[in-house]
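Letter by letter, the chains look like this.
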Amino acid sequence: MHSRITQFAVSILAILLLAGGCAQPPAQKEAAPSASSTSAPASRPTIVFMTDFGTANDAVAICRAVIYGIAPDTRLTDITHQVTPFSIEEASRFLYGVTPYYPAGTVFLNVIDPGVGTSRKAIIAKSKKGQYFVAPDNGLLTPVLDRDGLDSAREITNQTWMMQAPVSSTFHGRDIFSPAAAHLAAGWDFNLVGPVVPQLVRLTVKTSTTTDKGIDGEIIGLDDPFGSLITNIPVDEFKKLGYVIGNKVPVLINKKPVTVPYAKTFMDVSVGDSLLYIDSRGRVGVAVNQGNYSKRFNIAPPGIIFIPTKHTPIKTIKPSKH
């Protein structure tokens, strides 16, 4: 009996010792990193998307799906998908205006491609600012690269950067440009996309002409949905004409004479009245305060505009009801 009690006591003691050992917190294998040693997470890549596809069909949605399928962590935002169809010059103007506000490493995906399926190259260009541009080689990048400098450009020929299914002859936005942009955003080596393109196609950008009589310019777009006329006359050239805020400015728009006040902002004239102003990008514009100049006067790009110097007015221009 005594031996049984002794064995029972030893067993109880062993169980208690084991339970006590299990109750102790496990030793940490590795010390938690201190706040000072914790590095900030890498920023997510950004793709900025622009097309002339519009939003009435599924083309943009398909391209987005391709991108997210390859690079799901990508931040995807837009410039616009309402570029006037086939208007490379308009797209180049939008791209030029947007790119200064994005950092190095941003991927700009541009699909305005009237030459899709032809011998025109599909390319990725890198600017000296470190931004990347995925686009057809049709001159769309000319203004941006003239301003920021071209580091290098490569043709997209590596099949692993494209959709693996047969490439369509009419939808390179889905099959070539979107997957290339996604792979680039995912960190793939730009130098492996294809051979160097030594010379890119250049776009001939229309510029205004200044003489001692005035400035000949063009109406290059509308500031929609407001219908204000966008011209290619830069503010520095307009200032040479001698006008100051408050002056009445005689103008020929598509060879028809109008006279509009030179104003700083829209509410400087009465609601419904027209004005000439300098827009946010430093160009001469013509607008109606709280109205649509294009619709009211049936004027749409392309068009021509002439503004005489203040000291040499054109006799044929007379004040209008504008």
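Everything that follows concerns the structure shown earlier in this document.
Residues numbered from 1 in each chain as written. Predicted model: local features only at pLDDT ≥ 70, side-chain atom pairs only at ≥ 80, totals over all residues. Heavy atoms only, no water.

## Some remarks on helix H2 (residues 59-70)
Part 1: Over its 12 residues, H2 extends 17 Å from the first C-alpha to the last, a length consistent with the 16 Å expected when each residue adds 1.5 Å.
Part 2: Among the residues of H2, those classed as buried are Ala59, Val60, Cys63, Val66 and Ile67. Buried positions in H2, seen along its axis, are confined to an arc of 120 degrees and lie on one side of it.
Part 3: Considering only its buried residues, H2 is in contact with strand E1 (46-51), strand E2 (75-80), strand E3 (107-111) and helix H5 (172-185). (Helix = DSSP H or I, 4+ residues; strand = E, 2+ residues; numbered from the N terminus. Expected span 1.5 Å × (residues − 1). Buried < 20%, exposed > 50% of the residue type's maximum accessible area, 1.4 Å probe, protein only. Arc of directions from axis to C-beta. Contact = heavy atoms within 4.5 Å.)

## Digging into the sheet that holds strand E6 (residues 150-155)
Part 1: Judged by pairing direction, the sheet is mixed, and its 6 strands sit side by side in the order E2-E1-E3-E5-E4-E6 without closing on themselves. Strands at the two margins of the open sheet, each flanked by one partner only, are E2 and E6. Put simply, the sheet's adjacent strands are angled 20 degrees from each other on average, direction ignored.
Part 2: Strand contacts of helix H3 (residues 88-98): E1, E2, E3 and strand E5 (132-136), with the helix running at about 125 degrees to E2, the strand carrying the most contacts. (Pairing = 2+ DSSP bridges. Axes fitted to C-alpha atoms, helices over the stretch in contact; angles between N-to-C directions.)

## Digging into the layout of surface pockets
Part 1: For the largest pocket, the calculated volume is near 840 Å³.
Part 2: Along its surface, the largest pocket is lined by 28 residues, and Glu89, Arg93, Val205, Ile220 and Arg283 are the ones closest to its centre.
Part 3: For the lining of the largest pocket, the secondary-structure elements that each account for two or more residues are H3, helix H4 (142-148), strand E8 (214-223) and strand E9 (228-234).
Part 4: Here the lining of the largest pocket takes 6 residues from H3, the largest share from any one element.
Part 5: Here the residues of the lining of the largest pocket sort into 11 nonpolar, 8 polar and 9 charged.
Part 6: As a volume, the second largest pocket reaches approximately 480 Å³.
Part 7: At the level of secondary structure, the elements contributing two or more residues to the lining of the second largest pocket comprise E2, H3, E8 and E9.
Part 8: For the lining of the second largest pocket, the leading source of residues is H3, giving 5 residues. (1 Å grid on protein atoms, 1.4 Å probe; cavity = no way out; pocket = protein on both sides within 12 Å on 5 of 7 lines; lining within 4 Å. Points joined across faces, edges and corners; volume = space filled by probe spheres on them. Nonpolar A, V, L, I, M, F, W, Y, C, P; charged D, E, K, R; others polar.)

Geometry only, nothing functional implied.
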